[in-house]
Amino acid sequence: MFVIKNKLISMFRKLIALIILAPVLGISQNTAIGTQEKLAFSASYNLSGLLTEIAQVIMETSEVKTSSATLLRLKCSATTYSNFDSYFKIRDLYESYVNPNSLTPYLYKRDINEGTYNKFEQYKFNHKTKNVESILRKKKRSGNIEEKKTVKIADNTLDIVSTIYQIRNFDYKILKPGATKKFTFLFDNEPLTIIIKYLSKETLSTNLGKKECYKLAISLGNSSVLKGNNDNLLWLTADTNKIPVYAKFKIAVGSGELKIKSATGLKH
Amino acid sequence: MRTLFVVLGFIASILSVILAVTPLFKIAFIPSIAALVFGLIALYVSRQKQLPKKSIQLVFLLTIIALSLTTYKSIFSTVEVGDTEELIQKENESEQEAIETLEDIEIDE
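Residues numbered from 1 in each chain as written. Chains lettered and ligands numbered in written order. Predicted model: local features only at pLDDT ≥ 70, side-chain atom pairs only at ≥ 80, totals over all residues.

## Points about the interface of chain B and chain A
In step 1: With 25 residues of chain B in contact, the opposing surface of chain A contributes 32 residues.
In step 2: The element contributing the most residues to the side of chain B that touches chain A is helix 4 (residues 85-103) of chain B, with 11 residues.
In step 3: Of the residues that constitute the side of chain B that touches chain A, the class distribution is 12 nonpolar, 4 polar and 9 charged. (Contact = placed C-beta atoms within 7 Å. Helix = DSSP H or I, 4+ residues; strand = E, 2+ residues; numbered from the N terminus. Nonpolar A, V, L, I, M, F, W, Y, C, P; charged D, E, K, R; others polar.)

## Considering the confidence of the model for chain B
Keep in mind that low pLDDT regions are not for reading the predicted coordinates in detail.
In step 1: In the predicted model, chain B carries a mean pLDDT of 92, and the fraction of residues at 70 or more is 99%.
In step 2: Across the assembled chains, the prediction reports ipTM 0.83 with pTM 0.85. (pLDDT = per-residue confidence, 0-100.)

## Concerning helix 4 of chain B
In step 1: Taking 1.5 Å per residue as the helical rise, helix 4 of chain B with its 19 residues ought to reach 27 Å, and the 28 Å between its terminal C-alpha atoms agrees with that figure.
In step 2: Those residues of helix 4 of chain B lying buried are Leu 87, Ala 98 and Leu 102 of chain B. Along helix 4 of chain B, the residues classed as buried sweep out an arc of 45 degrees about the axis, all on the same side. In helix 4 of chain B, those exposed residues whose orientation departs by more than 90 degrees from the buried face are Glu 85, Glu 86, Gln 89, Asn 92, Glu 93, Gln 96, Glu 100 and Glu 103 of chain B.
In step 3: The secondary structure elements touched by the buried residues of helix 4 of chain B are strand 3 (70-80), strand 4 (91-98) and strand 5 (105-114) of chain A. (Expected span 1.5 Å × (residues − 1). Buried ≥ 20, exposed ≤ 12 C-beta atoms within 10 Å, placed from the backbone. Arc of directions from axis to C-beta.)

## Structural notes on the pairing of strand 13 (residues 233-237) of chain A
Successive residues of a regular strand alternate their side chains across the two faces of the sheet.
Residues and elements named next belong to chain A.
In step 1: Of all 5 residues in strand 13, 4 are buried, a share of seventy percent or more.
In step 2: Relative to strand 13, strand 12 (residues 209-220) is paired through 5 bridges, and the arrangement is antiparallel. Across the sheet, Tyr 214 pairs through a bridge with Leu 236, a residue of strand 13.
In step 3: The pairing of strand 13 with strand 14 (residues 244-250) spans 4 bridges and is antiparallel. Note that in strand 14 the partner of Leu 234 across the bridge is Ala 247. (Pairing = 2+ DSSP bridges.)

## A look at the packing of helix 1 (residues 2-21) of chain B against helix 3 (residues 54-76) of chain B
All names here are of chain B.
In step 1: Contact pair helix 1 / helix 3: the axes reach a minimum separation of 9 Å and the direction vectors enclose 25 degrees. If you check the angle between helix 1 and helix 3, you find them roughly parallel. Considering how the two elements wind past one another, helix 1 and helix 3 form a crossing that is left-handed. Taken together, the residues of helix 3 that come into contact with helix 1 (itself represented by Val 6, Gly 9, Phe 10, Ser 13, Ile 14, Ser 16, Val 17 and Ala 20) are Ser 55, Ile 56, Val 59, Leu 62, Thr 63, Ile 65, Ala 66, Leu 69 and Thr 70. (Axes fitted to C-alpha atoms, helices over the stretch in contact; angles between N-to-C directions. Parallel < 35°, antiparallel > 145°, perpendicular 65-115°, else oblique. Left-handed = near helix turned anticlockwise from the far one by under 90°.)

## Details of unusual backbone geometry
In step 1: At Leu 103 of chain A, a residue that is not glycine, the phi angle is positive and equals roughly 60 degrees.
In step 2: Tracing the backbone through its elements, the reader meets Leu 103 of chain A in the loop between strand 4 and strand 5.

## Notes on the confidence of the model for chain A
In step 1: Considering every residue of chain A, the mean pLDDT works out to 87; 87% of them sit at 70 or more.
In step 2: Under a pLDDT of 50 for its full length, residues 22-27 of chain A has, in the predicted model, 29 contacts with residues more than four places off or in other chains.

## Thoughts on the packing of helix 1 of chain B against helix 2 (residues 29-49) of chain B
Residue and element names in this part refer to chain B.
In step 1: Where helix 1 contacts helix 2, the two axes come as close as 8 Å, and the packing angle between them is 155 degrees. Regarding the angle of helix 1 to helix 2, the classification is roughly antiparallel. Here helix 1 and helix 2 pass one another in a crossing that is left-handed. The residues of helix 2 that touch helix 1, namely those facing Arg 2, Phe 5, Val 6, Leu 8, Gly 9, Ala 12, Ser 13, Leu 15, Ser 16 and Leu 19, are Pro 31, Ser 32, Ala 34, Ala 35, Phe 38, Gly 39, Ile 41, Ala 42, Val 45 and Ser 46.
In step 2: Here the contact of helix 1 with helix 2 is composed, by residue class, of 13 nonpolar, 6 polar and 1 charged.

Here it is, written out as structure tokens:
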């Protein structure tokens, strides 16, 4: 019973992470992501059309200068709405510091605070030696745990945040409906493969107006978090900005949704 | 038959009252409708067999309370983000720490 509960909690966390970071791999030039972009989303739970808004998700980019280089900071944060705070308070922060041209990650940080659960993760990418130095910190009642590890990675392995931005940056014009694209990312020190299937073009009415979108189906190659065939969908605007305007995830009962509320500082 | 529908009605109406006070209040519409249906069936059976209707009235009362609360909350409640000061502070601290960490990482431009 306890094992099943732990497994469910772990799957739920991965799902939250994916929902938060909903919107991979052939490293190409960045043509879609601006340096001062801010996208705000509302995450909701939908049961037979009864929509309950649960959390706000913000995806923001900014420039970061170090002594030797200028990097792009990709930041995703999730905050539950105040009426949920007393039941299940989420304050999650995911960051990735990437090359502004190729969106290759150098540093990834994940700081999650969900109810009484706290976790901090940091990956330092070394693309030459194909190694990731990982630090994991967990707060527990019995004391704090810190684990340091070096993980071997394959070529073009990303983190979850840069994966989302790589999905946006990918040129879907070259794909035919039904074609797939794979991206690999490191999550909880395990490499995961995300498979993006381009389904069709669809026009959606969003908070940004009526937009023609690329409809994409998302699935994970070696994990059971996202289930179903073409049940986890993402719509990216079919323009040069490729804004993720809507995402839908199937869960045990009902579905989870992510809808765009506002988009500012776009590149085009 | 009557007892079964009264019990089902009670379960559904209590569930809808509980859901109506939680943030997932919109879902309370589903058990409320179920409670109304069970209540009506129990009422119909009671009328035919001329049995007491007091317990059925209680099912309706609970359902009406849940429905009014849910409808009121659906119309008047607006969502807003709670306290994010701590998160904003964490974001700023994290950026400063990241800049220090990035100094040790080899970056190809």
